[in-house]
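# Summary of the model geometry
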Amino acid sequence: MPSRLSDAFRAHPDFTSLQELPDSYAWNQRDDFPCGDAFVTESESVSESVPIIDLNDPNALQGIGYACKTWGVFQVINHGVPTSLLDMVECTSRTLFSLPVQQKLKAARSPDGVSGYGFARISSFFSKLMWSEGFTIVGSPDEHFRQLWPQDYNNYCDVIKEYKEAMKKLAGRLMWLVLGSLGIIAKQDVKWAGPKGDFNEATAALQLNYYPACPDPDRAMGLAAHTDSTLLTILYQNNTSGLQVLKDGARWVTVPPVPGGLVVNVGDLMHILSNGSYQSVLHRAMVNRTRHRLSIAYLYGPPNSVKISPHPKLVGPTHPPLYRPVTWNEYLDTKAKHFNKALSSVRVCVPLNGLVDVNEHNNSVRVG
Ligand SMILES: C=C1C[C@]23C[C@@]1(O)CC[C@H]2[C@@]12CCC[C@@](C)(C(=O)O1)[C@H]2[C@@H]3C(=O)O
Ligand SMILES: O=C(O)CCC(=O)C(=O)O
Ligand SMILES: [Fe+2]
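Because the structure is a prediction, the values reported are computed rather than measured.

Thresholds applied
- Residues numbered from 1 in each chain as written.
- Chains lettered and ligands numbered in written order.
- Predicted model: local features only at pLDDT ≥ 70, side-chain atom pairs only at ≥ 80, totals over all residues.
- Heavy atoms only, no water.
- Helix = DSSP H or I, 4+ residues; strand = E, 2+ residues; numbered from the N terminus.
- Rg over C-alpha atoms; globule rule 2.2 N^0.38 Å.
- Buried < 20%, exposed > 50% of the residue type's maximum accessible area, 1.4 Å probe, protein only.
- Donors = N, O, S within 2.8 Å, 3.2 Å for Na, K, Ca; no water.
- Near = heavy atom within 4 Å.
- Polar contact = N/O pair within 3.5 Å; in protein donor to acceptor, adjacent residues only side chain to side chain.
- Areas by Shrake-Rupley, 256 points an atom, 1.4 Å probe, with all protein chains shown as cover.
- Contact = heavy atoms within 4.5 Å.
- UniProt positions renumbered as here; feature names shortened; annotations may be inferred.
- Phe/Tyr/Trp six-rings, centres within 6.5 Å; stacked < 30°, edge-to-face > 60°.
- Lys NZ or Arg CZ within 6 Å of the ring centre and 35° of its normal.
- Nonpolar A, V, L, I, M, F, W, Y, C, P; charged D, E, K, R; others polar.
- Pairing = 2+ DSSP bridges.
- Axes fitted to C-alpha atoms, helices over the stretch in contact; angles between N-to-C directions.
- Salt bridge = Lys/Arg side-chain N within 4 Å of Asp/Glu carboxyl O.

## Comments concerning the overall build of the protein
Across its full length, the protein holds nine helices and 14 strands. The C-alpha radius of gyration computed for the protein amounts to 20 Å, which stays within 12% of the reference 21 Å derived for 368 residues, consistent with globular compactness. Along the first, second and third principal axes, the C-alpha atoms of the protein reach 60 × 50 × 40 Å. Across the 368 residues that make up the protein, the buried fraction comes to 54%.

As structure tokens, then:
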């Protein structure tokens, strides 16, 4: 794996126009689990799909509880984020990734930085390269966008800011639904939700992902299997499928794009907060021979100073706390060091039912 972004681009200045998949992008052990979009049991053929929750449905909370427990992921519709805003953020991302490589590299993420253009951070854990480009926005996009579009960065910044505002509002609403499904309903039970209970001090990063069409999609990997470090991640995907989630530690299930829908992932911090009741979902992105794919992930976490630990309401003599308290930054550092062992490295106790976190089903995700 080239150690720096510019080294990789020197090897393949514009990998998006390659006619053949270079060996450095060919994943030999990609198919660790079968594809379970439709599978056959002893008696029947079964197809299963990630639950779709209508936020206008009075039973949304129950649906979300079921989805978090059995899948660690669901899609939401009627979420209140205007389609026009989703279109604008998609268009901004496409414009960004269409810039010449040399221009994008002006906004490259620095080796110890968090924001900017580059490979997914998890790339360093794999020997093979991923067929994707990313752009991470933490805080204001102004500085990096000025480097990309010196003349007209303002409009692009406005779209990102408006999108982040809309996501923050939706994330706060989803937090109460997920917490409510765990039986945590009172504002005073989550002090860091703030006096209005609107999670105003929550923090977030926006990750724009671009997966160009690929000459050999069956051997390539867009984004390798991982869980997000977040409480929740809200993901917009364009109309090309590619996202897959691991179901029951056994099979990959595709999450097809639903027009106007948004995917919600349970992240590692929610796994901790729920004391292991809700598993963070292992997911990956596959690529396509003829179509490019775009996704925009809103990675949502607690305020910087807040330590997340198993919620007291979910802890008792038969349910000891499984994890020690951690801030998001501490956990991101742990993840940067231990990747898919991060959750087990903050675990203080083995669950009484012996169930492990999703990464432990899957130690094979580390290879290329
Ligand atoms: C807040 C963050 C979560 C993230 C690391 C980051 O600092 C910014 C990028 C995020 C992302 C997006 C792609 C997948 C992921 C595992 C990665 O490599 O970078 C996540 C990180 C995470 O959730 O741990
Ligand atoms: O592109 C996708 O569907 C997945 C992106 C993702 O997992 C991420 O940004 O964390
Ligand atoms: Fe992710």
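That shown, we press on.
## Quick look at the coordination of the iron ion (ligand 3)
Distances from the iron ion (ligand 3) to its protein donors, His 226 (NE2), Asp 228 (OD) and His 283 (NE2), fall within 2.1 to 2.2 Å. Going along the chain, you hit the donors of the iron ion (ligand 3) in the pattern H-x1-D-x54-H. Pair check on accessibility: His 226 and Asp 228 agree, each one buried.

## What about the site of ligand 1?
The full set of residues close to ligand 1 is Arg 121, Ile 122, Thr 136, Ala 205, Gln 207, His 226, Asp 228, Ser 229, Leu 299, Trp 328 and Leu 332. In the environment of ligand 1, an oxygen atom lies 3.2 Å from a nitrogen or oxygen atom belonging to the backbone of Arg 121. Interatomic distance of 2.4 Å between a side-chain N/O atom of Ser 229 and an oxygen atom of ligand 1. For ligand 1, whose unbound accessible area comes to 460 Å², protein coverage reaches 95%.

## Topic: the side chain of Thr 136
Assignment of secondary structure puts Thr 136 in strand 6 (residues 133–138). Engagement of the side chain of Thr 136 in a polar contact is seen with the side chain of Gln 207, the distance being 2.6 Å. Residues contacting Thr 136, with those up to four places away along its chain left out, are Arg 109, Val 114, Ser 115, Gly 116, Leu 206 and Gln 207.

## Brief notes about the environment of Gly 267
For Gly 267, the position within the fold is in the loop between strand 12 (262–266) and helix 7 (268–273). Accessibility expressed as a relative area gives 0% for Gly 267, which makes it buried. With 40 residues separating them along the chain, Gly 267 and Thr 227 place their C-alpha atoms 6.4 Å apart. Leaving out residues up to four positions away in the same chain, Gly 267 has contacts with Asp 228, Thr 230, Leu 231, Leu 232 and Ser 280.

## Overview of the UniProt feature "domain: Fe2OG dioxygenase" (unreviewed entry) in the protein
With numbering matched to this structure, UniProt assigns "domain: Fe2OG dioxygenase" (unreviewed entry) to residues 201–302. Summarising residues 201–302: 6% helix, 44% strand, and an end-to-end C-alpha distance of 7 Å.

## Quick word on the packing of aromatic side chains
Per the stated rule, a full pass over the model turns up eleven aromatic pairs. Aromatic side chains Phe 126 and Phe 339 sit 5.7 Å apart centroid to centroid with 80° between the ring planes, which places their arrangement in the edge-to-face category. Of this pair, Phe 126 sits in the loop between strand 5 (116–118) and strand 6 while Phe 339 sits in the loop between helix 8 (328–338) and helix 9 (342–345), and the two are 213 residues apart along the sequence. Residues Phe 126 and Phe 339 agree in their burial class; the two are buried. Over the aromatic face of Trp 71 sits the side chain of Lys 247, whose NZ or CZ is 4.7 Å from the ring centroid.

## Observations regarding the site of ligand 2
Neighbouring residues of ligand 2: 13 residues in total, closest Asn 209, Tyr 211, His 283, Arg 293 and Ser 295. The contact in question runs from an oxygen atom of ligand 2 to an N or O atom on the side chain of Arg 293, over 2.8 Å. Contact distances for ligand 2 include 2.6 Å between an oxygen atom and a side-chain N or O atom of Ser 295. A total of 290 Å² of accessible area belongs to ligand 2 in isolation, and the protein chains cover 95% of it. For the shell around ligand 2, the secondary structure elements donating two or more residues are strand 7 (203–211), strand 8 (223–226), strand 13 (283–285) and strand 14 (293–301). For the shell around ligand 2, the residue count by class is six nonpolar, five polar and two charged.

## Some details on the environment of Leu 182
Counting through the fold element by element, Leu 182 comes out in the loop between helix 6 (153–181) and strand 7. Considering only alpha carbons, one finds Leu 182 and Ala 120, 62 residues apart in sequence, at a separation of 32 Å.

## Focus on the sheet that holds strand 6
If you walk across this open sheet you meet the eight strands as 3-4-12-9-14-7-6-5, and the pairing is mixed. Here the strands that pair on one side only, and so sit at the sheet edges, are strand 3 (52–54) and strand 5. For this sheet the average axis-to-axis angle between neighbouring strands, irrespective of direction, equals 25°. Here strand 6 runs beside strand 7; their pairing, made up of six bridges, is antiparallel. If you follow Ile 137 over to strand 7, its bridge partner there is Leu 206.

## Regarding the pattern of salt bridges
In the structure shown here, the tally under the stated rule is 13 salt bridges. For the salt bridge of Lys 247 with Asp 248, the shortest nitrogen-to-oxygen distance reads 3.3 Å. Connected through shared salt-bridge partners, Glu 48, Lys 247, Asp 248 and Arg 251 make up one network.

## Considerations on the side chain of Arg 251
Mapped onto the elements of the fold, Arg 251 is located in strand 11 (residues 251–254). Given a relative accessible area of 14%, Arg 251 falls into the buried group. Engagement of the side chain of Arg 251 in a polar contact is seen with the side chain of Asp 248, the distance being 3.0 Å.

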